[in-house]
Amino acid sequence: MTAFWTEPDFDDHEMVHVVRDRASGLMAIIAVHSSHLGPGAGGTRFWHYPDPKDGLRDALRLSRGMSYKNAMAGLALGGGKAVILADEARTKTPELLAAFGDAVEGLGGRYVTAEDVGISEADMVAVSKRTQHVSGLPVTGEGSAGGDPGPFTAFGIYLGIKAAVAHKLGTDSMDGVHVAVQGTGSVGGGVARLLAKDGARLTLADIDADGVKALADELGADVVAPDAIMTTPCDVFSPNALGAILDDESIEKLDTKIVAGGANNQLARARHGQAVFERGILYAPDYVINAGGIISVGTEYAARRDGRQASRDEVNALIEKIPARLAQVWQKSDADNTSPDVVADRMAQELIGRA
Ligand code: NAD
């Protein structure tokens, strides 16, 4: 592997740890970008990279993303990410997860792990047998935090959409506000249900035709084909499926006043934030609006470290701060005539002592 500090995604990362365990076949990279606010926290990705360099790039890029996200979420956590370099058959054995748990434990709490792409709750339970520096474990009691972060993420996005409507359209009511939702899975489906209760007009799209029809019938929503949702005339376009959807071509065709949704890395390239801004469309920076899940995971971890269990109310109280943080970003964006994604990055850099 090449020296990580020559990689374009290297951003003064505090630690890049390569783990190899021959017996289990584990090969992993654990990166901590910043521990300014607390231990580097972020999920573990289990993925087959034909070129391991791409795994290193993901660990570098995603751990920096977690520094920004955790800082803007107001958590006492830094940014970290682990990547397990899976073989082509994606062989995941109890021995491999145990070896990974040992590696995390060996870092003495400098890195805290949780689920990400390719890693399930059951996998995290296996990892938790070897290390205490783990979160995203199943809910253990009524009213306790933990478990699937999707509904928490959806709640934060719902609040963020309402804040965007207040900022851009000048109304506190969602009655009749038209929201086009791309992706109606765990996050998008939750957002749609919450908005429907407030009387929003909904248009939904998902590649799962049966699933989206069932949800639309339940909520009295319209359905359009997946390739039509981004050009649907609406007040709010809410992307909750894929990343990199905002590019030169799609931004040109958007027929909305607001883009606010949970998908990670919505801007295909950094410059697309400026392109959305120049079209006069209000953008909710993805890592600020979709922080509900990490707020749940982070609160669960912090409470367990103090020997207690976090409650759902505690988590929701922190999620309820997302709208104020977004409003702060938009106010500064308006005042400085700078796109919200750039404003959010600068705010995050300041919070982690890297202004
Ligand atoms: P999910 O798999 O439950 O739902 C995704 C949905 O998008 C599925 O229903 C899928 O059929 C649909 N989809 C896929 N391609 C599509 C397309 N081209 N057009 C329309 N629909 C399409 O995943 P999720 O947990 O709801 O996550 C959604 C997004 O939010 C992802 O980008 C994820 O990274 C991000 N996110 C999720 C969380 C969380 O807590 N789950 C937290 C932060 C960010």
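Analysis parameters
- One numbering rule holds for all chains: residues counted from 1, following each sequence as written.
- Per-residue local features of the predicted model are confined to residues with pLDDT of at least 70, and side-chain atom pairs are confined, for both listing and counting, to 80 or more; whole-chain, interface and lining totals are unaffected and use all residues.
- Values shown for side chains rest on all heavy atoms present in the structure; no hydrogens or waters enter the calculation.
- Reported domain spans reflect what an automatic or database domain assignment gives.
- Whether two residues touch is decided by their heavy atoms; if any such pair falls within 4.5 Å, the residues are in contact.
- What gets called buried area is simply the loss in accessible area from a 1.4 Å probe that two parts show on being joined, summed for both.
- Throughout this description, the term salt bridge denotes a Lys or Arg side-chain nitrogen within 4 Å of a carboxyl oxygen of Asp or Glu.
- By the criterion applied in these results, polar contacts are pairs of N or O atoms within 3.5 Å in which, for protein atoms, one can donate a hydrogen and the other can accept it, and in which residues neighboring in sequence qualify only through two side-chain atoms.
- Each residue gets one of three labels, nonpolar for Ala, Val, Leu, Ile, Met, Phe, Trp, Tyr, Cys and Pro, charged for Asp, Glu, Lys and Arg, and polar for the others, Gly among them.
- Between rings of Phe, Tyr and Trp, where Trp is taken as its six-membered ring, a pair exists when centres lie within 6.5 Å; planes separated by under 30 degrees are stacked, by over 60 edge-to-face, and by other angles tilted.
- Each helix is a run of H or I in the DSSP string that is no shorter than four residues. Each strand is a run of E no shorter than two, and both are numbered from the N terminus.
- Accessibility here uses a 1.4 Å probe with only protein chains present; expressed as a share of the type maximum, an area under 20% marks a residue as buried, one over 50% as exposed, and anything in between as partly exposed.
- Note on criteria: charge over ring means Lys NZ or Arg CZ within 6 Å of the ring centre, with the direction from the centre no more than 35 degrees off the ring normal.
- Helix axes use the C-alpha atoms of the stretch in contact, all axes being lines fitted to C-alpha atoms, and the angles between their N-to-C directions lie in the range 0 to 180 degrees.
- Our angle categories are set so that under 35 degrees counts as roughly parallel, over 145 as roughly antiparallel, 65 to 115 as roughly perpendicular, and the remainder as oblique.
- Each crossing is labelled by how the near helix is turned from the far one, with a counterclockwise turn of less than a right angle marking it left-handed and a clockwise turn marking it right-handed.
- Paired strands are those between which DSSP finds at least two bridges.
- Crossover handedness is defined here as right-handed if the route from the first strand over the helix to the second strand goes clockwise, with the strands pointing away from the viewer.

Attention now moves to the domain arrangement of the protein. When cut into domains, the protein gives domain 1 (4-128) and domain 2 (150-289 + 323-351). Centre-to-centre separation of domain 1 and domain 2, based on C-alpha positions: 28 Å. Each partner contributes to the interface: domain 1 provides nine residues, whereas domain 2 provides twelve residues. Of the roughly 880 Å² buried between domain 1 and domain 2, counting both surfaces, carbon and sulfur atoms make up 63%. Contact with domain 2 buries area across many residues of domain 1, yet Y68, K69 and M72 alone supply 73% of it, more than any other trio. At the junction of domain 1 with domain 2, the criterion picks out zero salt bridges. Our count for the contact surface shared by domain 1 and domain 2 stands at two residue pairs in polar contact (both at pLDDT 80 or more). Of the residues that constitute the side of domain 1 that touches domain 2, the class distribution is five nonpolar, two polar and two charged.

Further remarks concern the packing of aromatic side chains. Evaluation of the coordinates by the stated rule reveals three aromatic pairs. With a centroid separation of 6.2 Å and 55° between ring planes, the pair formed by Y68 and Y287 is classed as tilted. One end of the pair, Y68, is in helix 1 (residues 52-72); the other, Y287, is in helix 9 (residues 286-289), with 219 residues separating them in the sequence. Of the two residues, Y68 and Y287, neither departs from the other in class, the shared state being buried. One aromatic cluster is present, built from ring pairs that chain together F4, W5 and F10. The cationic tip of R90 hangs over the ring face of W47; the distance from NZ or CZ to the ring centre is 5.2 Å.

Below, the discussion takes up the pattern of salt bridges. Evaluation of the coordinates by the stated rule reveals 18 salt bridges. D116 is the salt-bridge partner of R45, the closest N and O atoms lying 2.6 Å from each other. Of this pair, R45 sits in strand 4 (residues 44-47) while D116 sits in the loop between strand 6 (111-112) and helix 3 (121-128), placing them 71 residues apart in sequence. Residue class for R45 comes out buried when judged on its relative accessible area of 18%. The partner of D116 in a salt bridge is K81, with the nearest N and O atoms 3.4 Å apart.

Further remarks concern the packing of helix 10 (residues 292-305) against helix 11 (residues 312-319). The contact between helix 10 and helix 11 brings their axes to 9 Å, and the two run at 135°. In this view, helix 10 runs oblique relative to helix 11, as classed from their interaxial angle. Here helix 10 runs over helix 11; the crossing is right-handed. Taking contact as the criterion, the partners of G292, I295, S296 and T299 in helix 10 are, on helix 11, E314, V315, L318 and I319.

Take the pairing of strand 7 (residues 178-182) next. With five of five residues buried, strand 7 lies mostly within the body of the structure. Side chains of strand 7 alternate between two faces, with H178, A180 and Q182 and V179 and V181 buried alike. Where strand 7 meets strand 8 (residues 201-205), five bridges bridge the pair, whose relative direction is parallel. Residue Q182 lies in a different strand from strand 8, and its bridge partner there is A205. The handedness of the strand 7 to strand 8 crossover, carried by helix 5 (residues 186-197), is right-handed. Strand direction decides the pairing type here: strand 7 and strand 10 (residues 236-239), joined by four bridges, are parallel. Note on strand 10: the bridge partner recorded for Q182 is P239.

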